[in-house]
Amino acid sequence: DQQVKQNSPSLSVQEGRISILNCDYTNSMFDYFLWYKKYPAEGPTFLISISSIKDKNEDGRFTVFLNKSAKHLSLHIVPSQPGDSAVYFCAASSTGGTSYGKLTFGQGTILTVHP
Amino acid sequence: GAVVSQHPSWVICKSGTSVKIECRSLDFQATTMFWYRQFPKQSLMLMATSNEGSKATYEQGVEKDKFLINHASLTLSTLTVTSAHPEDSSFYICSAKRGTSNQPQHFGDGTRLSIL
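Residues numbered from 1 in each chain as written. Chains lettered and ligands numbered in written order. Predicted model: local features only at pLDDT ≥ 70, side-chain atom pairs only at ≥ 80, totals over all residues. Heavy atoms only, no water.

(A) Local environment of a nonpolar patch on the surface. All names here are of chain A. On the surface, a cluster of nonpolar side chains totalling about 220 Å² of accessible area is made up of Ile-18, Ile-20 and Val-78. As for its position among the elements, Ile-20 is in strand β3 (residues 19-25). By relative accessible area, which is 37% here, Ile-20 ends up partly exposed. (Patch = residues over 30% accessible without salt bridge, like charges linked within 9 Å, V, L, I, M, F, W, Y side chains within 5 Å. Areas by Shrake-Rupley, 256 points an atom, 1.4 Å probe, with all protein chains shown as cover. Salt bridge = Lys/Arg side-chain N within 4 Å of Asp/Glu carboxyl O. Helix = DSSP H or I, 4+ residues; strand = E, 2+ residues; numbered from the N terminus. Buried < 20%, exposed > 50% of the residue type's maximum accessible area, 1.4 Å probe, protein only.)

(B) Local environment of the nonpolar core. Ranked by size, the top nonpolar core spans 24 residues in total, and within it Trp-35, Phe-67, Ile-69, Leu-79, Tyr-92 and Leu-113 of chain B carry the most contacts. Mapped by element, the contributors of at least two residues to this core are β2 (10-13), β3 (19-25), β4 (32-38), β5 (44-51), β7 (67-73), β8 (76-81), β9 (90-97) and β11 (111-115) of chain B. Not counting chain neighbours up to four residues away, the residues in contact with Leu-79 of chain B comprise Val-19, Lys-20, Ile-21, Trp-35, Phe-67, Leu-68, Ile-69 and Tyr-92 of chain B. By size, the runner-up hydrophobic cluster in this structure holds 23 residues, among which are Leu-66, Leu-75, Ile-77 and Ala-92 of chain A. (Core = buried A, V, L, I, M, F, W, Y, C linked by side-chain atoms within 4.5 Å. Contact = heavy atoms within 4.5 Å.)

(C) Geometry of the sheet that holds strand β6 (residues 56-59) of chain A. All names here are of chain A. Taken in spatial order, the 5 strands line up as β1-β3-β8-β7-β6 in an open sheet, and their pairing is antiparallel. In the strand order of this sheet, the two ends are held by β1 (4-5) and β6, each with one partner. Pairing between strand β7 (residues 62-67) and strand β8 (residues 72-77): 6 bridges, direction antiparallel. What sits directly across from Asn-67, in β8, is His-72. (Pairing = 2+ DSSP bridges.)

(D) A look at the pattern of salt bridges. All names here are of chain B. Scanning the model with the defined rule gives 4 salt bridges over all chains in all. Here Lys-66 makes a salt bridge to Asp-88, at a shortest N to O gap of 2.7 Å. Pair noted here: Lys-66 is in the loop between β6 (57-58) and β7 and Asp-88 is in the loop between β8 and β9, with a separation of 22 residues, a long-range link. For Asp-88, a relative accessible area of 5% translates into the label buried.

Now the structure itself:
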């Protein structure tokens, strides 16, 4: 049962344009969402997060949008740079109960930004 | 940003041996640490949640006696793969999290384990 889904395995974007990465979730208990960037043979690097009480969070070139009714979140990168090329994972957690904030990851989207 | 150190980064050993992987949070106290496993071209799969001073909570299907987790201090958690076999070969990644709920997990760089 894939509770967090990234339906696009890959995305190719021209340098300077916008990259939009999408993520859907099914568990209505999720209330905290994160995006991570990962290079091969390295651990994920935290990019940006959003709590379910918000619908938008912005940090520099990165903006995350959350649509709770659709159970959908997206990461916008503007402008895209070649150094942004990596695998992007969305992750979700439920902060209540005894979950200790454990994360459920999507399958990842490979972003390639062409010069 | 927060720094999590994982050691070793790569280990090759014979079948039947035990391997210990260390995960340290270098600049903050981590009440909770997590251990993940990643198969090639797949996502990260949570193996267990490690809380300082208490027993780890394992995810369904993860063998407790196979993957021993110890979280003896607020900055160190260890994962020991006991009597490792080739099917245990994988990329193991730890993460650490500050005490409050809405805080991101920060990840180590992972350990590539190869069992011959």
